[in-house]
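For reference, the chains in residue letters:
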Amino acid sequence: MKKISPKVILAIIFMLAILFQLFFALSTKNFSSDESYLNLRLTEKISENKFHLRYDNLSYGGRDLVYSPLFYYLLVFLSLIPLVFKIIPIIFSSLIVLIVYLISFELTKDEKVSLIASLMSAFIPVYFSLILNSLSIFSLAIPGLFFMLYCFIRIGQHKKYLEYFVVLSFILPLLHPIAFLLPISIMFYLILTITEDVEVSKLKKEVIIFSTFLTILLSFIIYKRAFLTYGFNVIWQNVPPQISGNYFSNINILKIIISLGILPLIYGIVGVVYSYFKGKKDSFFLINGVLLAVFLLLLLRLINLNIGLTFLGIALTILSAVALAKYFVYLRKTKFYNLENYLTVIIIVAVIILSIIPSYIASKNLIKSTITDEELSLFKEIKGKTPPGSTVLAPLEFGHLITYQAKRKNVADSNFLLAPNPEQRLLDIAEIYTTPFEVKALELLEKYDVDYIITNKKIIEKYNIAEVSYIKDEKCFKEILPEVFEVIC
Amino acid sequence: MRSVSKKFYQKFLKLSVECWVILIILLSTILVISLPYIIRNSNILVGDESYYHLKIASLIQERGITNFDPLSYGGRQILTPLGWPFVLAKISSFLNISLELTSKLIPFIFGILTVILFYYLLKNIKVEKRIRTISTLVFIFSPIFIYLFSTSNYYFIPLFLNLLAFYFLLKDKKILTTILIALTTLFGIIHPLVGLIAVLIYTLIKNRKSLPWFYITLAITLILILLKYVPVLIKFGLPDIFMIDNLPVHQQLFSDLGGKISLSIFALILAFIGIVVTWKKKQDYITTHIIFIILFILSLFYIPILIYLNLLLAILVAFGVLKLIQRRWESKFIKNFTILILSLGLIFSGLSYAKQTADSLPNKEIVEGLSLIGTDSEQKTVFSHYSNGYWINYLAKKSNVMDPLFAYAPNLQQVHEDSQNLFYSRDLKNSTKIIERYNIGYILITPEMKEGKVWHEDEEGLLFLLEFSKNFRSVYAQKGVEVWEIRNLTTS
């Protein structure tokens, strides 16, 4: 029987990853995350004005924006492709399969285990919950960052990797502030190499100096206003405590294990132990550096748990390849060497059971909780029934839907950087929905110039109330649409 | 003959290179100092401190040297150094030009002189040409340089005097050094102290024989300091520590994080490399390291120390940059990019600071609004956020309720509480009492006050009263700047 080339298998895994995501993403017209609608609006604004939006007159009733704009320009550039906002993020995010293969192969020089690692990376449940059916910058930023790591490992082997690394050093900070993860990871990498007395090439040291300074410079240029406003506290991105607390409030070890994937976790930990105590190659320390950097950021609550777990999941998948490679090398030395193929099949079946099935379930749940056409049409109707410039109140989760679909001002949304008083606003929104006192609610509605208030089922469930107690007062509230009331007094 | 002409040619070439370097440095200096005003595209002086000096200078022009300020907090003693306002008043009178123009002109001239002095000082202490050129350029593009010589402030003259004193010390003109250090006492207490520390270290290391001279200088300077400050301490005691709206120290230290007298983060990183580089020649640079560390620690407690630290920082940055340039790089491509990024980083901090300075208040509307109040001949007080206090004094020629000069301010705690009450109270009776207590005739509101500096909501506290009470009349409203006149308001 003719042996299938690893490249073909890799292509199949890549296609599988794309098809898997497409299957879910195309099952609904809508996006699964509120942020997707912000990204859509920012992209459309570039198409309209030929320049990215710097003042948003709808978000928080009007506020300045600071963000890395490259992703949106890229989407505008690619917008000729049909279904661009659904397909492009899927293709970008699936690139992780190829990158994990490349890094794993570089670390192990073993095609088989690299392919297994690549398959595992295609189905990391937490990665799906982050990027599936979303127009998310992470779909490009995460593969981009890992590709930079790959180039870094190969710097010195070929000039092109140095060039790729330099180009990506410019691109990544223009994509997302997560670019800071690279210098932090490299800092841990240097600490590990120094403590373990592993030589780092001069060229790599030069590249480290270059990319660190570049990331700092670009971040200071892009986020200058945020730095001036918050100082070093900018790293907390002005996220209100009630939200940053939520990142970690539902931590459940079992949930984390399932999110990461059981196989990457087990083999990844073995890989960490091996790479630190026995491997002692500088490329191993680089991946360990990523793990430590993500741990640090999670510990300081500087990144969302899902984002942190995604990085951990991918890094552990890569280190799984190291563990598996050693495992097969060891097996070949034993009497059970002829069982290698059977064991490979068992591992693949285990990947299917322990990674693909949880990913399927996570994806199905995500799609189930996606905003329905009915819910979305409500926002479109609001646009038709309300005058431009009016303010619509809904909880944070609907903030970007109000600005994108209804084209009306919101009171709060999840874009917190430079947002005015997000903490107080979230408290006030909750108070408006839950207070039994109409006078209090009216006072707060006046505070934010609210003209309309949405009270749909999801909102009622969120605040755990039977109904908004005062909304039936016809002197002050008039129902203009089902579940949408105008404030008239 | 040929060798003589060759020597002459080489000397000429060397001289002409130096001339070019100095020319570039001078052009950069002129550009950087003018930059805030070029960006601002307005003749209005920037910042609040400038207006404090203008006020004191105009008082000196009117009454000669005075120790009473009738406009701040409704009237108070002047205990701040009078050096700069005195120079400002006298030069303005002598040249017969306005105080505002003098406020721009003198820092500008001192900026150029300071740069030349800094360059030649480095030359005199045998600092290598490349290091002194880079140091001078780093100094010019530093945020502190822009602050010192683009705005009217306490610090630029004493910095120049101290540098000049040190220059004369190198030239062994000790009497001039003594005179100059003694002169710095007119500009505040830290300047003579920093000058004395620098002279002491130099004397101990290079010229121990001059120690008796140092003791004389020390005695003269200390006597002058004591003569100036002991009566103040006896009469008023130590100033109360009163801090409101202060940025955290780490933010005050860096211009990139919003600090006023502040360093560039990039410069600090490069200076760190510079320290590592010079660490290898510890014996030569131990004093630089020690002074750098001492000044850095002191600056955490007293931010203006940074103006002296900035000089050392520029030198260490130059060592850092030169090390990166001279290092044998594996990749020339990465080397060029890295040096480009570092240069851009250093320039970015300076430019960004220049833009911040250019954008700072007051703007045309504030000047117009306050000038309108100034047309009222009645002596009334203007109420506003304390940060607008100096503008009220100088532009409206009216007294303020409060201004940023908290040290030795009369009844500061009470005034602050009353201000807060007036800002946030919707009770007209309560507000009327405060208005009468301070004889407030006008209220100035700026957009920043409505955007979180004071209020967060449209009808919060005083804003509610202004809108709904007939006792307040809007006399000016342009681009968010509002002036309200108070009329017929009595508690009875």
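Refer to the structure printed above.
Right, let's walk through the structure included here. Keep in mind the model is a prediction, meaning the values are calculated, not measured. (Residues numbered from 1 in each chain as written. Chains lettered and ligands numbered in written order. Predicted model: local features only at pLDDT ≥ 70, side-chain atom pairs only at ≥ 80, totals over all residues. Heavy atoms only, no water.)

1. Points about the overall build of chain B
The condition that has to hold: For the purposes of this entry, the term helix denotes a DSSP run of H or I that reaches at least four residues, the term strand denotes a run of E that reaches at least two, and both are numbered from the N terminus. Two things to know: the radius of gyration comes from C-alpha atoms, and the globule rule equals 2.2 Å times the number of residues to the power 0.38. Each residue's exposure class comes from its accessible area (1.4 Å probe, protein chains only) as a fraction of the maximum for that residue type: buried when under 20%, exposed when over 50%, partly exposed otherwise. In this analysis, two residues are considered to be in contact whenever any of their non-hydrogen atoms come within 4.5 Å of each other.
On a plain count of helices and strands, chain B comes out with 21 helices and seven strands. For chain B, whose C-alpha radius of gyration is 26 Å, the value lies close to the compact-globule estimate of 23 Å for 492 residues. Counting across all 492 residues of chain B, residues that qualify as buried make up 54%. When contacts within chain B are restricted to residue pairs at least 6 apart in sequence, long-range pairs at least 24 apart make up 68% of them.

2. Examining the packing of helix α14 (residues 306-326) of chain B against helix α15 (residues 332-359) of chain B
Residue and element names in this part refer to chain B. We apply this condition: Simply put, an axis is a line fit to the C-alpha atoms, just over the touching stretch for a helix, and the angle between two N-to-C directions goes from 0 to 180 degrees. Angular relationships are summarised with four words: roughly parallel below 35 degrees, roughly antiparallel beyond 145, roughly perpendicular across 65 to 115, and oblique for the angles in between. A clockwise turn of the near helix away from the far one marks a right-handed crossing, whereas an anticlockwise turn of less than a right angle marks a left-handed crossing. Basically, the charged four are Asp, Glu, Lys and Arg, the nonpolar ten are Ala, Val, Leu, Ile, Met, Phe, Trp, Tyr, Cys and Pro, and anything else, Gly included, counts as polar.
Closest axis-to-axis distance for the α14/α15 pair is 10 Å, and the angle between their directions is 160°. In terms of axis orientation, α14 runs roughly antiparallel to α15. Crossing of α14 over α15 shows left-handed handedness. Within the contact between the two elements, α14 uses Val317, Leu324 and Ile325 and α15 uses Lys335, Ile339, Leu342 and Leu346. Classifying every residue of the contact of α14 with α15 gives six nonpolar, no polar and one charged.

3. With respect to a nonpolar patch on the surface
Residues and elements named next belong to chain A. This is how the line gets drawn: Residues forming no salt bridge and having over 30% relative accessible area are the ones grouped into patches, like charges within 9 Å of each other and nonpolar side chains (Val, Leu, Ile, Met, Phe, Trp, Tyr) within 5 Å. Methods summary: accessible areas were calculated by the Shrake-Rupley approach with a probe of 1.4 Å, and residue burial reflects only the protein chains presented. We count a salt bridge whenever a side-chain nitrogen from Lys or Arg sits within 4 Å of a carboxyl oxygen from Asp or Glu.
On the surface, Phe23, Val345, Ile348, Val349, Ile352, Ile353, Ile357, Tyr360 and Ile361 cluster together to form a nonpolar patch covering roughly 780 Å² of accessible area. In terms of residue count, helix α17 (residues 340-368) provides more of the nonpolar patch than any other element does, eight residues in total. Mapped onto the secondary structure, isoleucine 348 falls in helix α17. The exposure class assigned to isoleucine 348 is partly exposed, which follows from its relative accessible area of 32%.

4. Points about a positive patch on the surface
Spelled out, the test is: Charge assignment in this entry is limited to Lys and Arg as positive and Asp and Glu as negative, and neither His nor the chain termini are counted. Charged side chains are reduced to one point each, which is NZ for Lys, CZ for Arg, CG for Asp and CD for Glu.
Together, Lys202(A), Lys205(A), Lys280(B), Lys281(B), Lys323(B) and Arg328(B) give the surface a local cluster of positive charge. Counting through the fold element by element, Lys202(A) comes out in helix α10 (residues 202-222). When its relative accessible area of 34% is taken as the criterion, Lys202(A) is described as partly exposed.

5. Describing the nonpolar core
Operational definition: Here, nonpolar core means buried Ala, Val, Leu, Ile, Met, Phe, Trp, Tyr and Cys residues that are tied together by side-chain atoms lying within 4.5 Å of each other.
Ranked by size, the top nonpolar core spans 308 residues in total, and within it Phe146(A), Ile453(A) and Phe477(A) carry the most contacts. Per-element accounting of this core gives the leading share, 17 residues, to helix α16 (residues 305-332) of chain A. In contact with Phe146(A), not counting residues within four places along its chain, are Ile96(A), Ile99(A), Ile103(A), Phe311(A), Ile314(A), Ala315(A) and Ile318(A). Core analysis: the second largest hydrophobic core is formed by 28 residues, Met402(B), Ile440(B), Ile445(B) and Trp455(B) among them.

6. Thoughts on the interface of chain A and chain B
Rule in force here: Summed over both partners, the accessible area lost on bringing two parts together, with a 1.4 Å probe, is the buried area. Under the rule applied, a polar contact is a pair of N or O atoms within 3.5 Å (in protein, one hydrogen donor and one hydrogen acceptor; residues adjacent in sequence only if both atoms are side-chain atoms).
Counting from both sides, the interface comprises 26 residues of chain A and, opposite them, 32 residues of chain B. Interface area, chain A with chain B, both sides summed: about 2600 Å², of which 76% is carbon and sulfur. Counting every contact that joins chain A to chain B gives one salt bridge. Counting across the chain A and chain B interface gives four residue pairs in polar contact (both at pLDDT 80 or more). Where the side of chain A that touches chain B is concerned, the elements lending two or more residues are α8 (159-175), α10, α11 (224-230) and α21 (438-447) of chain A.

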